[in-house]
Amino acid sequence: MLATGLSLKPQHFGDALACTREALWFEVHAENYFVAGGPRLAGLMRVRERHPVSLHGVGMSLAGDQPPAAGHLAHWRELIRRIEPVLVSEHLAWSSWQGVCLPDLLPVVRTKQALQRIADHVGQAQDALGRALAIENPTHYLRIDGHEYSEVDFLTELASRSGCGLLVDVNNVYVSAVNLGLDAGSLIDAFPAALVREVHLAGHSPDPLLGDALLIDSHDSPVCEAVLALHRRLIRRIGSRPTLIERDAGIPPFADLLAECERIAATREVPA
Amino acid sequence: MNEFQRLFVQALFDPDAGGPLAGQPGLRVYRNTVMAGCLDALEANFPTVCQFVGSEWFRAAARIHVDQHPPLEPALMRYGRDFPAFIDGFAPAAEMPCLADLARADWMHLESLFASDDEPLPPSRVAGLDPPRLGALRLRPRASARWGWFGAAPIATLWQRHRAARQAGAETHLADVVWRAEGLLLVCDGEAVHDWLLERPAIAFLDACAAGGTLLDSTAAALAVDADCDLASLMRLLIHCGAFAAGDDGHSTSTGALAPESTQEKTA
């Protein structure tokens, strides 16, 4: 079983290779490695020889107006062949519209019609990749009318129709709860244990204009105590899961990331 | 679902658009993230341009480019193919005529960095051949080899100076740069992209090789732009740079392909 893992950036390849911490694993954004060759891919492949690596996608646009692009899935397939990832994940979101890419994880109106379309897209992606996906709950910033399902009910039904698993992003649950005025504890308690393949933790930041009334999923700071408490609550209920600490901006030295990883692993591994 | 997405995209690009989400501050978060993702990608892919004009100027120009040419694939490390041509036509850049070519050099670097890996041609492979066999040889540029002739400005020198300064975290010194035409060759050896300043005949030679020409064709192309060029030094330099691939490219003829030496012996 994978323990606590870290987002991996190319500037930390050397440190990752040298690191001997047991059960450490790494996750990268798959799209950053959609290349024919060169030092970045070679670096990841060297790390892969020493540690398990998970591939996390941000560009499949599974809730998009069109099926996942064939060229995009071909890049995925090739990267999976090269890296043999331990986990493969994507988001309940869309990021392209009529062929134009909108590099963000845009929100879904959770209707029956959307559910069927997204289940079809997940099925197409899984068939092309030859792997089951773990689908992540995105961060919410908007109150949207017209939902026919709660997010967890929608994800559960998506898993039942497509065979995918779930990736619970605890920070996204926390940030969304604050932004939409929901109870984070009830949200986290709703995820069905049997479907959860992976957990994400990350830092967030207050909106520069609205402060703590609008939190931004910025991945630029250590995981805060409120999110860690929510994580402990989840793990107490569902048991241990591969847990990733994401850091995509304001990236500190590798030693600092590893220290945070060990701190969280230590609390996580203590039985409640 | 499509209607929601259509309205959402409209609201994303037009802050004054109405619709069901109008007025929610959360829209601004998406708007900022989408634009920041595109701008960060362009800044990462065109670091020399950014260094030359400064981040503020760069992002203001890049924002206009994003509106005109939004990304069409999610892998943003390949976003910006049209950016050099955009700069060509961007009026505020007119007083910096080298800017579009610096962007072309940055793009060459990006393509070199992500090209497939192959082995360089070992010098010994060519050294032992006698002139008739040499003439029929087809040298194939490496997958990561990118080169260009910049007739209007010393782009190779400017690009190299900026890059070196960036890596050293130092100021770029340009006072002694001689304003002349230059060629630039970039090759990735698997660890990093290396750069060389080339003269016109070497660029013509590489162009002819890439077009599938024999060594006879390539030397003729080099001599056509400079009848006095030193062909032996030119080839030594290009082989030293690792510009040529060791393997057979599959479309060369049996007599001309740079096949293993034993094959060369048989077919000669």
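The structure we're discussing is the one just above.
To start, this report covers the structure provided alongside it. Predicted model, so just to flag it, every value in this text is computed and none were measured.

1. What about the overall build of chain A?
Move 1: Along the backbone of chain A there are nine helices and twelve strands.
Move 2: Relative to the 2.2 N^0.38 estimate, which gives 19 Å for 272 residues, the radius of gyration of chain A is 18 Å and therefore close to what a compact globule would have.
Move 3: Along the longest, intermediate and shortest principal axes, the C-alpha atoms of chain A span 50 × 40 × 40 Å.
Move 4: By sequence separation, contacts in chain A at least 24 residues apart represent 77% of the contacts at least 6 residues apart.
Move 5: Counting only carbon and sulfur atoms, one obtains 53% of the accessible surface of chain A, whose full area is about 10,300 Å².

2. Description of the overall build of chain B
Move 1: Scanning chain B for helices and strands turns up 13 helices and three strands.
Move 2: Along the three orthogonal principal directions, the C-alpha set of chain B runs to about 75 × 50 × 30 Å.
Move 3: Out of the 268 residues belonging to chain B, those deemed buried represent 47%.
Move 4: For chain B, restricting intrachain contacts to residue pairs at least 6 apart in sequence, the fraction spanning at least 24 positions comes to 67%.
Move 5: Total accessible area on chain B stands at roughly 12,400 Å², and carbon and sulfur atoms take up 55% of it.

3. What to know about the sheet that holds strand 3 (residues 53-56) of chain A
All names here are of chain A.
Move 1: Reading around the barrel, the eight strands line up as 1-2-3-4-7-8-9-12 and close back on themselves, with parallel pairing between neighbours. On average, each strand axis in the sheet is inclined to that of its neighbour by 30 degrees, with strand direction left out of account.
Move 2: Across three bridges, the pairing between strand 4 (residues 88-91) and strand 7 (residues 134-136) is parallel. Note on strand 7: the bridge partner recorded for Glu-90 is Ile-135.

4. Some remarks on the pairing of strand 4 of chain A
All names here are of chain A.
Move 1: On strand 4, burial covers both faces: Val-88 and Glu-90 on one face and Ser-89 and His-91 on the other are all buried.
Move 2: Where strand 3 meets strand 4, two bridges bridge the pair, whose relative direction is parallel. Bridge pairing links Leu-55 to Val-88 in strand 4.
Move 3: Taken together, strand 3, helix 3 (residues 70-83) and strand 4 form a β-α-β motif whose crossover is right-handed.

5. Considerations on the sheet that holds strand 2 (residues 182-188) of chain B
Residues and elements named next belong to chain B.
Move 1: Pairing in this open sheet of three strands is antiparallel, and the strands run 1-2-3 from one edge to the other. Where the open sheet ends on each side, the last strands, each with one partner, are strand 1 (146-150) and strand 3 (193-198). In this sheet, adjacent strand axes meet at a mean angle of 15 degrees when their direction is disregarded.
Move 2: When strand 2 meets strand 3, the two strands line up antiparallel, connected through six bridges. Along strand 3, the bridge assignment pairs Val-187 with His-194.

Cut-offs used in this document
- Residues numbered from 1 in each chain as written.
- Chains lettered and ligands numbered in written order.
- Predicted model: local features only at pLDDT ≥ 70, side-chain atom pairs only at ≥ 80, totals over all residues.
- Heavy atoms only, no water.
- Helix = DSSP H or I, 4+ residues; strand = E, 2+ residues; numbered from the N terminus.
- Rg over C-alpha atoms; globule rule 2.2 N^0.38 Å.
- Contact = heavy atoms within 4.5 Å.
- Areas by Shrake-Rupley, 256 points an atom, 1.4 Å probe, with all protein chains shown as cover.
- Buried < 20%, exposed > 50% of the residue type's maximum accessible area, 1.4 Å probe, protein only.
- Pairing = 2+ DSSP bridges.
- Axes fitted to C-alpha atoms, helices over the stretch in contact; angles between N-to-C directions.
- Right-handed = clockwise from strand over helix to strand, strands pointing away.

Everything listed here is a matter of coordinates, which is why it stays silent on function.
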